[in-house]
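These are the residues of each chain, in order.
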Amino acid sequence: MPSPAAGPADPAPIAVVTAPIVAGAAHDAEAAALEAAAAELGVAVVSRHAVGRGRWLLQLSASRRLLTNGSAGGGLDEKLAVTSGEQIAVGEAVATLRQAGFAVLAGPPSEAYAVVWGRRNGPSWFAPEAFVCFPWSPVDRSAARLAVEIDPGAGFGAGGHPTTLGLLAGLVDPAVVDAPAAPGNLADLSGRRVLDVGCGTGVLAIAAALRGAALVDALDIAPAALDATRANAIRNGVADRVHLVDADLARCPGPYDLVLANIHADVITALATELRRLVSRPVGAAGPGADPEPPAPGGGGGLLGVSGLSVAQVSRLEAALAPLRTVHRHHLDDWVTLWFRW
Ligand SMILES: C[S@@+](CC[C@H](N)C(=O)[O-])C[C@H]1O[C@@H](n2cnc3c(N)ncnc32)[C@H](O)[C@@H]1O
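Residues numbered from 1 in each chain as written. Predicted model: local features only at pLDDT ≥ 70, side-chain atom pairs only at ≥ 80, totals over all residues.

### Side note on the site of the ligand
Taken together, 20 residues are adjacent to the ligand, and Thr164, Gly198, Gly200, Ala222 and Asn262 come closest. The class makeup of the residues in the shell around the ligand is 12 nonpolar, seven polar and one charged. (Near = placed C-beta within 6 Å. Nonpolar A, V, L, I, M, F, W, Y, C, P; charged D, E, K, R; others polar.)

Printed below as a string of structure tokens:
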């Protein structure tokens, strides 16, 4: 029996999740400051190893107590909540410690998880200064202008698939998106409104937000994809600008300066009417679905990027999306990425 003086009992956790983080410190004082910052976040220091010349390697562990409203039945939703909670706990901790200036990497949640992802630790480059990598990839992020960290979770892909890389390459190409190249050679998407249809792990949405997009809406029919997108947006520090929206495109208000869709060609064809409605029209353009919203910067209307096509599917898809017209075409391996404008 609880004592009468006790407050309402805490709901039982369905799980306490932990996830590893590896951190480096250049000297004793930095190691101490890192430990203090971790303690403030409720992140435990598991071990501390001297690695020579006064430097330290610390292993941390983020944990989160996950609660359930009803019985802890261990169903799929609860399992997803555990995965998502684990990703969010570690993502929040890593983002916060990085903002404080510490060199921190998130480890894979388990060795089995790393093995499932084929020991592919290296980054996937999509532009000379831009790559996507796993949170635990041992790659120097400071050497790139754009580093997108993606934990695949239960969502689609880790960002390294040619269909994803094709869209990412266009997204950061100033000539494709008609944007200033700043800083460096990558497109500055400041002020753009972006929609990612079929966001999977959120890699396209997050890359757009990291390049400065003012607002990015992301949707997917798979709940696991939404969980992964949310966790990855937190991990990359852009959760304030990446919004999950209803998967029913008809209820998506739009329009957008950039619409991205890496989905099977048949799905894109089925969604063609809605996709056209969601791409903002050029200044002064009239016609069915014309909208009173301000046009894309430059006045030329919005852009639709579509990926996941074979060469044989291109003409059928172009016909389905007309009168939008193809303005760029990009081939990677056997895959084609198309960019459309009004
Ligand atoms: C090939 S994956 C692309 C994921 C991510 N955008 C990328 O490039 O890595 C396609 C995604 O589209 C989602 N999807 C399929 N049909 C959809 C639909 N009708 N509406 C929204 N999302 C859909 C799938 O669940 C899957 O996550």
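### Description of the pairing of strand 8 (residues 193-197)
The buried fraction of strand 8 is high, at five of five residues. Relative to strand 9 (residues 215-219), strand 8 runs parallel, the two being bridged by five bridges. By the bridge assignment, Asp196 is partnered in strand 9 with Ala218. In this structure, strand 8 lies alongside strand 11 (residues 258-262), joined through four bridges in parallel fashion. Residue pairing across strands places Leu195 opposite Val259, the latter belonging to strand 11. (Buried ≥ 20, exposed ≤ 12 C-beta atoms within 10 Å, placed from the backbone. Helix = DSSP H or I, 4+ residues; strand = E, 2+ residues; numbered from the N terminus. Pairing = 2+ DSSP bridges.)

### A closer look at the sheet that holds strand 7 (residues 146-149)
Spatial ordering of the open sheet is given by 5-6-7, a layout of three strands whose pairing is mixed. Each edge of the sheet is formed by a strand with only one pairing partner; in this case those strands are strand 5 (124-127) and strand 7. Strand-to-strand twist across the sheet, computed as the mean angle between neighbouring axes with direction ignored, equals 20 degrees. Relative to strand 7, strand 6 (residues 130-133) is paired through four bridges, and the arrangement is parallel. Residue pairing across strands places Cys133 opposite Glu149, the latter belonging to strand 7. This element, helix 6 (residues 203-210), spans strand 6 and strand 7 of the sheet and lies at about 145 degrees to strand 7. (Axes fitted to C-alpha atoms, helices over the stretch in contact; angles between N-to-C directions. Contact = placed C-beta atoms within 7 Å.)

### A short note on the sheet that holds strand 11
Reading across the sheet, the seven strands line up as 10-9-8-11-12-14-13 and stay open at both edges, with mixed pairing between neighbours. This sheet does not close on itself; its edge strands, each paired only once, are strand 10 (242-244) and strand 13 (325-332). If you compare each strand with its neighbour and ignore which way they point, the axes differ by 20 degrees on average.

### Considering the environment of Ala44
Its place among the elements puts Ala44 in strand 2 (residues 44-50). Exposure remark for Ala44: the 15 C-beta atoms within 10 Å place this residue in the partly exposed category. Separated by 17 residues in the primary sequence, Ala44 and Ser61 place their C-alpha atoms 5.3 Å from one another. With residues up to four places along the chain from it excluded, the contact list for Ala44 reads Leu60 and Ser61.

### Observations regarding helix 7 (residues 223-235)
Helix length check: helix 7, at 13 residues, gives a terminal C-alpha distance of 19 Å against a target of 18 Å (1.5 Å per residue), a fit within 8%. With 11 of 13 residues buried, helix 7 is to be regarded as a mostly interior element. Every buried residue belonging to helix 7 is among Ala225, Leu226, Asp227, Ala228, Thr229, Arg230, Ala231, Asn232, Ala233, Ile234 and Arg235, and all of these are buried. Looking one or two places after helix 7, you find Gly237, whose phi comes out positive at around 75 degrees. (Expected span 1.5 Å × (residues − 1).)

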